[in-house]
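Residue-level structural notes
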Amino acid sequence: MGQSNEQYGDRMFTHLTQGERARLDHLADAVSQYTYRDLAELGVPAGERLLDLGGGTGVVAQRLAEMRPGTEIVCVDRSVALMSEGTGYTPLEADVCDRTTWDRLGSFGLVHARNLLMHLRKRDFVFERMMEAVVPGGWLMVADMVDAPELRRSLRFRETFAQLRSYMEAELGTSMTCATTYAQRMHDAGMTDVGVSYDCLIVGPDKPGAAFMARTLRHLWPDIVSKGYAKPDGADEAIAYLEGGQHWDSAIAFVTAWGRKG
Ligand SMILES: C[S@@+](CC[C@H](N)C(=O)[O-])C[C@H]1O[C@@H](n2cnc3c(N)ncnc32)[C@H](O)[C@@H]1O
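The structure displayed is predicted, hence computed values, not measured ones.

1. Topic: unusual backbone geometry
For residues other than glycine, phi is negative in most cases, and the peptide bonds are mostly trans. One non-glycine residue, Phe 13, lies in positive phi territory at about 65°. Its place among the elements puts Phe 13 in the segment before helix 1 (20–41).

2. Digging into the sheet that holds strand 6 (residues 192–203)
Strand order in the open sheet made by the seven strands is 3-2-1-4-5-7-6, with mixed pairing throughout. The sheet terminates laterally at strand 3 (90–93) and strand 6, the two strands that pair on one side only. Each strand of the sheet is rotated relative to its neighbour by a mean of 15°, with strand direction disregarded. For strand 1 (residues 50–53) and strand 4 (residues 108–114), the ladder comprises four bridges, and the chain directions are parallel. Bridge pairing in strand 4 links Leu 53 to Ala 113. Here helix 1 sits on the sheet and contacts strand 4, strand 5 (134–146), strand 6 and strand 7 (249–260); the angle it forms with strand 6, its principal contact strand, is near 155°. This element, helix 4 (residues 123–132), spans strand 1, strand 4 and strand 5 of the sheet and lies at about 150° to strand 5.

3. Comments concerning the packing of aromatic side chains
Counted under the stated rule, the structure contains six aromatic pairs. Arranged with centres 4.8 Å apart and planes meeting at 20°, the rings of Tyr 8 and Phe 13 form a pair that is stacked. Overall, the relative accessible area of 2% leaves Phe 13 in the buried class. Between Phe 157 and Phe 161 the ring centres are 6.5 Å apart and the planes differ by 85°, which places this aromatic pair in the edge-to-face class. A residue pair is termed a helical-turn pair when its members lie 3 or 4 positions apart in one helix, as Phe 157 and Phe 161 do in helix 5 (residues 155–172) at four residues. For the pair shown, Phe 157 and Phe 161 are each scored as buried. Taken together through their ring pairs, the aromatic side chains of Phe 157, Phe 161 and Tyr 241 make up a single cluster. Against the face of Phe 125 rests Lys 122, its NZ or CZ located 4.8 Å from the ring centre. In this structure, Arg 152 is placed above the aromatic ring of Phe 157, and the distance from its NZ or CZ to the ring centre is 5.4 Å.

Reading the values: rules and limits
- Residues numbered from 1 in each chain as written.
- Predicted model: local features only at pLDDT ≥ 70, side-chain atom pairs only at ≥ 80, totals over all residues.
- Heavy atoms only, no water.
- Helix = DSSP H or I, 4+ residues; strand = E, 2+ residues; numbered from the N terminus.
- Pairing = 2+ DSSP bridges.
- Axes fitted to C-alpha atoms, helices over the stretch in contact; angles between N-to-C directions.
- Contact = heavy atoms within 4.5 Å.
- Phe/Tyr/Trp six-rings, centres within 6.5 Å; stacked < 30°, edge-to-face > 60°.
- Buried < 20%, exposed > 50% of the residue type's maximum accessible area, 1.4 Å probe, protein only.
- Lys NZ or Arg CZ within 6 Å of the ring centre and 35° of its normal.

Below you can see the structure in the form of structure tokens.
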């Protein structure tokens, strides 16, 4: 147990990990309805390039390509192994924590990142670069998960998730609270039309949020145990609860903030 310099994707959650594509697909299925609802409300200026950061499988970039055919859409990730060619966007393998990435990117009418900043040790640096990369009149949209233990009806699930959170905070530098600050930061930076939405990943029969949570627990648990955060069989009950399809519960909050550059 202790502090480390490991970053998301170095060892845990690499795109070459067996089952990572399915895990990210479940995540996208759980939250994309909220992302697309909020994106549809923004008046992104026509003719401007669009950027999705930490795009994973490219699901949001593909949606942007469908919404804005003919527009240049760049999808950045430290690994583009799970992205597809010919889907209307340009995959770019780059680290958003690296200043040279931003020198290459230029400016955009929309800068979007979902489930990325919470995992970055240099999230403040990246947030600043994201704001800079928006053209005047363009939009910034940033979304992440926020832990809210009281949302969980099951005390066993709460306990297991608390162990997962302790591990991710200490070992990967993840923050499960930073998304609550995004809207205020945009306001303080002088952005206009600032807004925020709070949604939730649902546990229930065939709910992708439950499948995503269960896969995340399965993937991390051996490392969580080996580093002393929990006991070997400590996640079994929570995984069965998530995968059993017999329980209705809430898993975690999903917060999206947006603002327009003046
Ligand atoms: C939890 S996934 C989210 C994927 C997608 N944005 C979504 O919400 O469906 C986080 C993604 O961020 C990428 N990522 C993590 N650290 C990164 C970095 N420093 N630079 C670029 N991408 C990074 C990961 O490779 C992964 O694809």
